[in-house]
Amino acid sequence: MAAPVLEARGIEKHYAGFTALRGVDLAVRFGMVHGLIGPNGSGKSTLLNAMAGSVLPDRGTITLAGADVTRLPPHQRVRRGLSITFQVTSIVAGLSAYDNVLLALQARGSWPTLMRSGTRRGLHEDVVRSLRQFNLLHQADSIAGGLSHGEQQWLELAMAMATRPRVLLLDEPTGGMSIEERRITGQLLARAKEHTAILIVEHDLDFIRTLCDVVTVLHEGAVLDEGTPEYIASSEAVRRVYVTRA
Amino acid sequence: MRGSARTLPAIEVLALLLATALPLILSQFQVIFLTRLLILSLLALSFDFAWGQGGVFSFGQGLFFGLGAYVAALLATRADMTSAFVAIPLAMLAGLVVASLFGGFLLLGRRPASLIYIGMATLAASYAAQRLAAGWSKIGGQNGVSGVPFPTLGGADLEPGRGFYYVALALLVAVYLAFRYLSRSQFGLVLAAARDNESRVGALGYRTAPYKWLVFALAGGVAGLSGGLSAFHEGFAGPNLLGVLTSTQAVLYVLVGGVGTLAGAVGGVFVMEYASLELSTRFASAWPVILGGILLLVIMFLPNGLIGAVISDRARMPTFGDRRAKPKRVPVDVSEEETVGSASA
């Protein structure tokens, strides 16, 4: 089994009078889609945010490609190869789809380079390739805020994947999508895992079952169980606390 | 249907041709009045760049304008430094340095500064600077610095009139083009995205605060340049130039003309100052009230300013980072097998 690209060890997070995470361990490996599921309030989003850097854990460590990033702010984690998409689509609505992807691709450019638009022509093919991969080339010049919900989610994925991240964190990427859009999103992610490690928080258990290689179940801020989707579907512990559609 | 993407460049070229030709047919008085508007346009551009491009609500541009004016006036009157090649760049440098320091304090902290915080802090600084200058006898106190001599350019005096006009026009065009270039570059793309969705830009790996800081500093430098020119043109620098009135003026020019367009800022200066001149001629005492009413109506009914009435938001959106063709509309050859599913959404 490949070494973890992103690893959380003993993560604890307390809020006033409430414990969100109790010593959670999680390892995300290259070439695998890792599902993170659990009932509402189980700590999924807190753990995802802790790994992304927008929530600072009270205890525990987070390593990215072997380096401790526990105290690093989100933008520095992104620069080290972590990419995240949000539960509520968070594209730049006022810009075109093309400019959204360009924005993602040029993020590693320095001020002087960006000021003289030094990477613009060189990135053009990458932008077009990303848009085509996510079925958005015909919408390149459309204002992102005017795209359909599914297209906005794909644009978000295209932006997240454009930088060829080591790890992709996805917070409910199929929320609000039609069945057909979910199917296509599954295909897109299945292809994406050839290039990156993926951690996905998702409520749609059918989607998780068909896409994920490993699933971790959180319950009341702790890991309840972990294994293949088939194993999780048959886990008695999971059955007791989690109502599945399996 | 409001203008296409070519409307704005057409307006810009037309305005430049007009500005170049007008002094040849206007009277000396009119040329001096127009020069004043060009200088104020630099101030308006500085605010529009900070707010409309950088998203930094600098409600204290008067501080940098007045500072530039004092630097030029004091150099000319106390140090006999009237060379336009020295005094005016130093006025600009003063604005740039003070804005860099102040901007560093405001924008580069651990937590991102809110819009209200920046607006109030810059306004307070502008007011404090005005009070400081008014109470500081060594720089003229309430009377300011008067009797500023004409600047010299290549050994000759640059008196208000056509010569000064074309110098001011050249500087305005240079600043306009520089700001236009930056706002349409890949750097400008980051600024535009941060104005729209700053948290998303942060999630892509950008730290937006230094971008804003740089914009704020450059805007301060241009306001200083404007102030230096003003001191030489009017022969005076006083505390009011540093204060709330000048700062508010800059905001109003841009609100009336249209935020984030640069052309709107310049247009706002010309419309407001001409309206002031005309109204004050016809209504000696009531003109400020009438002007205030008109400005209120413009801001209420034209939220995108006067320029928004002729050019839509979409038409104003540039092709970031490319000044010539539009390569994004020319798909490259990418293997079809890379596409997943169908474009059914």
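First, a word on scope: everything that follows refers to the structure included in this document. (Residues numbered from 1 in each chain as written. Chains lettered and ligands numbered in written order. Predicted model: local features only at pLDDT ≥ 70, side-chain atom pairs only at ≥ 80, totals over all residues. Heavy atoms only, no water.)

### Quick word on the environment of A:Ile208
Residues and elements named next belong to chain A. Examined against the element boundaries, Ile208 turns out to sit in helix H8 (residues 205–211). On a C-alpha basis, the gap between Ile208 and Ile37 in space is 8.6 Å, while along the polypeptide they are 171 residues apart. When neighbours within four sequence positions are excluded, Ile208 is seen to be in contact with Gly35, Ile37, Ile200, Glu202, Val215 and Pro229. (Helix = DSSP H or I, 4+ residues; strand = E, 2+ residues; numbered from the N terminus. Contact = heavy atoms within 4.5 Å.)

### Section: the sheet that holds strand S1 (residues 4–15) of chain A
Residues and elements named next belong to chain A. The four strands lie next to each other as S2-S1-S4-S5, forming an open sheet whose pairing is antiparallel. Looking at strand neighbours, the two that pair on one side only are strand S2 (18–29) and strand S5 (67–68), the edges of this open sheet. One ladder, built from two bridges, connects strand S4 (residues 59–64) with S5; its direction is antiparallel. Looking at S5, one finds that Thr63 is bridged to Asp68. Contacting S1, S2 and S4, helix H1 (residues 44–52) runs over the sheet at an angle of about 60° to S2. (Pairing = 2+ DSSP bridges. Axes fitted to C-alpha atoms, helices over the stretch in contact; angles between N-to-C directions.)

### Description of the interface of chain B and chain A
Buried accessible area, meaning the area lost when the parts come together, often serves as the stated size of an interface. Every contact between the two is made by 48 residues of chain B and, on the other side, 52 residues of chain A. Buried area between chain B and chain A, both sides added, is near 4,600 Å², and the carbon and sulfur share of it is 57%. If you look at where chain B meets chain A, you find one salt bridge. For A:Glu156, the salt bridge is made with B:Arg200, and the minimal N-O distance between the two is 3.5 Å. Applying the counting criterion to the chain B and chain A interface returns 16 residue pairs in polar contact (both at pLDDT 80 or more). Of all elements in the fold, only helix H6 (162–183), helix H7 (186–203) and helix H8 (208–234) of chain B reach the threshold of two or more residues within the side of chain B that touches chain A. No other element matches the twelve residues that H7(B) contributes to the side of chain B that touches chain A. (Buried area = accessible area lost by both parts, 1.4 Å probe. Salt bridge = Lys/Arg side-chain N within 4 Å of Asp/Glu carboxyl O. Polar contact = N/O pair within 3.5 Å; in protein donor to acceptor, adjacent residues only side chain to side chain.)

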